[in-house]
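# Structural features, examined
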Amino acid sequence: MKRDINGKTKIIGVIGKNIENSLSPLIHNQMILKHSLHFCYLPFQVAETDLNKAIQGIKALNIRGVNITFPYKEKVVKFLDEVEESARRVGSVNTIVNNKGFLTGYNTDVIGFKRSLQEDVEFVIKKKKAVIFGAGGAARGIIFALLEEGIEEICIFNRTLEKAKKIKQDFSPFFPESSIDVFPLKEENLKNKIERAHILVNTTSLGMPPQIDKTPLPDEKLFQPNLLVYYLIYHPAKTLFLRQAEKSGAKIINGLPMLVYQGIESFYLWTGLKPEGKEALKIIR
Ligand code: ATR
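Residues numbered from 1 in each chain as written. Predicted model: local features only at pLDDT ≥ 70, side-chain atom pairs only at ≥ 80, totals over all residues. Heavy atoms only, no water.

### Observations regarding the pattern of salt bridges
- Tallied over the full model, the rule gives 20 salt bridges.
- The salt bridge partner of aspartate 109 is lysine 73, with a shortest N-O separation of 2.8 Å. Here lysine 73 lies in the loop between β3 (65–68) and β4 (82–83) and aspartate 109 lies in helix α4 (residues 109–120), a separation of 36 residues in the sequence. Here aspartate 109 and lysine 73 have matching classes, each one buried.
- A salt bridge links arginine 140 to glutamate 74, with the nearest nitrogen and oxygen atoms 3.5 Å apart. Pair noted here: arginine 140 is in helix α5 (residues 137–148) and glutamate 74 is in the loop between β3 and β4, with a separation of 66 residues, a long-range link.
- Judged by its relative accessible area of 5%, arginine 140 falls in the buried class.
- For glutamate 74, a relative accessible area of 31% corresponds to the partly exposed category.
- Residues participating in the shared-partner salt-bridge network are Glu74, Arg140, Lys166 and Asp170. (Salt bridge = Lys/Arg side-chain N within 4 Å of Asp/Glu carboxyl O. Helix = DSSP H or I, 4+ residues; strand = E, 2+ residues; numbered from the N terminus. Buried < 20%, exposed > 50% of the residue type's maximum accessible area, 1.4 Å probe, protein only.)

### Description of the sheet that holds strand β10 (residues 199–202)
- Pairing is parallel across the open sheet formed by six strands, whose spatial order is β9-β8-β7-β10-β11-β12. Edge positions in the sheet fall to β9 (179–184) and β12 (251–254), since each of these pairs with one other strand and no more. Each strand of the sheet is rotated relative to its neighbour by a mean of 15°, with strand direction disregarded.
- Sheet analysis places strand β11 (residues 228–231) next to β12, joined by four bridges and oriented parallel. Pairing of tyrosine 231 across the sheet is with asparagine 254, part of β12. (Pairing = 2+ DSSP bridges. Axes fitted to C-alpha atoms, helices over the stretch in contact; angles between N-to-C directions.)

### Description of the site of the ligand
- The local shell around the ligand holds 17 residues, among which Ala138, Asn158, Arg159, Thr160 and Lys163 are the closest.
- Between arginine 159 and the ligand, the recorded distance is 2.9 Å, taken from a side-chain N or O atom to an oxygen atom.
- Contacts to the ligand include serine 205, whose backbone N or O atom sits 3.2 Å from an oxygen atom.
- In isolation the ligand exposes 650 Å². Once the protein is present, 84% of that is buried. (Near = heavy atom within 4 Å. Polar contact = N/O pair within 3.5 Å; in protein donor to acceptor, adjacent residues only side chain to side chain. Areas by Shrake-Rupley, 256 points an atom, 1.4 Å probe, with all protein chains shown as cover.)

### Quick word on unusual backbone geometry
- Omega for the peptide link from phenylalanine 70 to proline 71 comes to 0°, which places this bond in the cis form.
- In this structure, proline 71 sits in the loop between β3 and β4.
- With a phi close to 50°, lysine 100 is a non-glycine residue in the positive phi region.
- Mapped onto the fold, lysine 100 is located in the loop between β5 (95–99) and β6 (102–106).
- Here lysine 100 falls in the exposed class, since its relative accessible area comes to 86%.

### Considering the packing of aromatic side chains
- Tallying each qualifying case throughout the model produces nine aromatic pairs.
- Between the aromatic rings of phenylalanine 113 and tyrosine 230, the centroid separation amounts to 5.0 Å while the plane-to-plane angle is 45°, which identifies the pairing as tilted. Of this pair, phenylalanine 113 sits in helix α4 while tyrosine 230 sits in strand β11, and the two are 117 residues apart along the sequence. Tyrosine 230 matches phenylalanine 113 in its accessibility class, with the two residues each being buried.
- A ring pair is formed by tyrosine 231 and phenylalanine 241, whose centres lie 5.2 Å apart and whose planes are at 65°; its orientation type is edge-to-face. (Phe/Tyr/Trp six-rings, centres within 6.5 Å; stacked < 30°, edge-to-face > 60°.)

The structure is reproduced here in structure tokens:
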């Protein structure tokens, strides 16, 4: 496998705030090499004040497309020319495609999350109960995926209650069979809700470097063995949150499989080629 960068090479990449530890460049560049495509995937570290300029720069530089990661998945929506129907309903975008200067936003997190549950931990979402920590752009994709697959109950805990309320308000009308409750991220209520839950998903950025020894769960005794505990962060592979969950006997999963599956879908949108899951997972295992 050999890469030729020349005048025909198309640029793709990822825009985020702290992307030094992102594995997306590795995954995408390996997929590019494997399939001998004229593409190159680059990291773009962008400050929030420059986000609009960076998005307009995609057009100016004729970049084929980008992934959008923490903390811009919601913020980027207003800078796009069009947002595909399901991403518009989710309210967050993790993939942008540039078609001759026209930027369209997609959300491949939804399918990436579903696939990680189905293929990596064989978890069936239908009729289950979930507790979600966080109500940002990533949480929106995860909650939408759970609702689409017929989850019975979702309890969203977030530091800023208003953001959780907005998710409930946006999603409830489309999923009348599922209940959505919202709570501030405090200990009261957590015990009771976690005891009832089958899956606990932490979508917060608390635990990302440099805050790797922080967790949004006030007391590790709240974990219980029947839970599937999911943390979207994959660097480090086992954060304090996942280590505590594992110690309690819970089954754990980090964000790596989801990163790969959402990446495959984004790759397809840019290149028209869809690598196999097994092949892409091999890159990071
Ligand atoms: P992303 O697009 O990756 O979801 P985001 O939209 O900035 O990023 O969301 C980050 C989430 O982590 C939010 O739910 C945020 O809580 P707030 O809505 O209250 O901001 C949560 N988060 C970040 N730092 C946190 C902290 N120190 N304690 C608790 N929650 C935190």
